[in-house]
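Take a look at the letters that make up each chain.
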Amino acid sequence: MRVTHEKESADLKLVGESFDTSGNQPTIHADMADFPSAEPRTFLVKVKSGVSAHDYARKLASVVRPLGGDATTIPPGEHKGVILIMQAMAGLLTLMLVAVAGLGVLDSVVLDTLERVHDLGVCKAIGMTPRQTLSLVLASVAAIGVAGGLLGVPVGHLLHGLVMPVMAHAVGTTMPSSVLDVYGPAQLLLLGLGGVVLAVLGRLAPAFWATRTPTATALRTE
């Protein structure tokens, strides 16, 4: 790759990448020693603890402004605010997806429970206790929840690894492994158990209804 400067040009061999999304154009981060005649234009200063950044910038500005420079402060949390907004949007989207999934499970299990109410009445007639009825109804969806977790987690992990680099490439950057490899074994296990939790939560209301339905009413249901 050949880079041209106002005063010189040089042939560079890129051996790494820097994850930087602060600019609208691709930027090369290099050592000043590679460009002896280049002059820095911006300096980032971090003040010591107890020193007022505003006072420091004001005093520094009074010195450099006659020379054509300036000094300003960066509002605290400026970049963190964007990250918090993105995290809030991701959290809201996650809650919406969980709610939709839970309602979908609830719709399916209500129909399934209504179809099996006569069978449950027979079981209750021969001595099944309400706790056993509740366990039976919940166990019927546990296997589906496990299957959903075993299928959904690997597919979601695969799509995450495929979609994130494409999104980064669309804005002219790449993502390091620290951004892509965010799911460890523990997180993947919890996500897999999430399928079971959703299935059980969606089944709770129909399960309690089944335990409280009188045996005679259940036996007369077709």
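Scroll up to find the structure.
Residues numbered from 1 in each chain as written. Predicted model: local features only at pLDDT ≥ 70, side-chain atom pairs only at ≥ 80, totals over all residues. Heavy atoms only, no water.

A. Examining the overall build of the protein chain more closely. In terms of regular secondary structure, the protein chain is built from six helices and two strands. Its helices and strands taken in sequence order, the protein chain reads β-β-α-α-α-α-α-α from the N to the C terminus. Taking the intrachain contacts of the protein chain between residues at least 6 apart in sequence as the baseline, contacts between residues at least 24 apart amount to 66%. (Helix = DSSP H or I, 4+ residues; strand = E, 2+ residues; numbered from the N terminus. Contact = heavy atoms within 4.5 Å.)

B. Local environment of the environment of Trp209. As for its placement among the helices and strands, Trp209 is situated in helix H5 (residues 185-212). Classification of Trp209 as partly exposed rests on a relative accessible area of 40%. The spatial distance from the C-alpha of Trp209 to the C-alpha of Val110 is 9.7 Å, given a sequence separation of 99 residues. Discounting chain neighbours no more than four positions away, the residues touching Trp209 are Thr113, Leu114 and Val117. (Buried < 20%, exposed > 50% of the residue type's maximum accessible area, 1.4 Å probe, protein only.)

C. View of the layout of surface pockets. Volume-wise, the largest pocket comes out at about 790 Å³. In terms of lining residues, the largest pocket is bounded by 20 residues, among which Thr94, Leu97, Gly156, Tyr183 and Leu191 are the most central. For the lining of the largest pocket, the secondary structure elements donating two or more residues are helix H2 (78-125), helix H3 (130-170) and H5. Top contributing element to the lining of the largest pocket by residue count: H3, with seven residues. (1 Å grid on protein atoms, 1.4 Å probe; cavity = no way out; pocket = protein on both sides within 12 Å on 5 of 7 lines; lining within 4 Å. Points joined across faces, edges and corners; volume = space filled by probe spheres on them.)

D. Highlighting the pattern of salt bridges. The full count for this structure, using the stated rule, is two salt bridges. Taking the shortest distance from any N to any O, the salt bridge between Asp55 and Arg58 comes out at 3.6 Å. Residue Asp55 and its partner Arg58 are located together in helix H1 (residues 53-64), separated by three residues, close to a single helical turn. The class of Arg58 is partly exposed, set by a relative accessible area of 48%. A salt bridge links Arg65 to Asp70, with the shortest nitrogen-to-oxygen separation between them at 3.0 Å. (Salt bridge = Lys/Arg side-chain N within 4 Å of Asp/Glu carboxyl O.)

E. Molecular detail of the environment of Thr27. Summarising the element assignment, Thr27 is placed in the loop between strand E2 (9-11) and H1. Given a relative accessible area of 55%, Thr27 falls into the exposed group.

F. Expanded view of the environment of Thr173. Tracing the sequence through the fold places Thr173 in the loop between H3 and helix H4 (177-180). For Thr173, a relative accessible area of 14% puts it in the buried group. Sequence separation between Thr173 and Thr27 is 146 residues; the distance between their C-alpha atoms is 9.7 Å.

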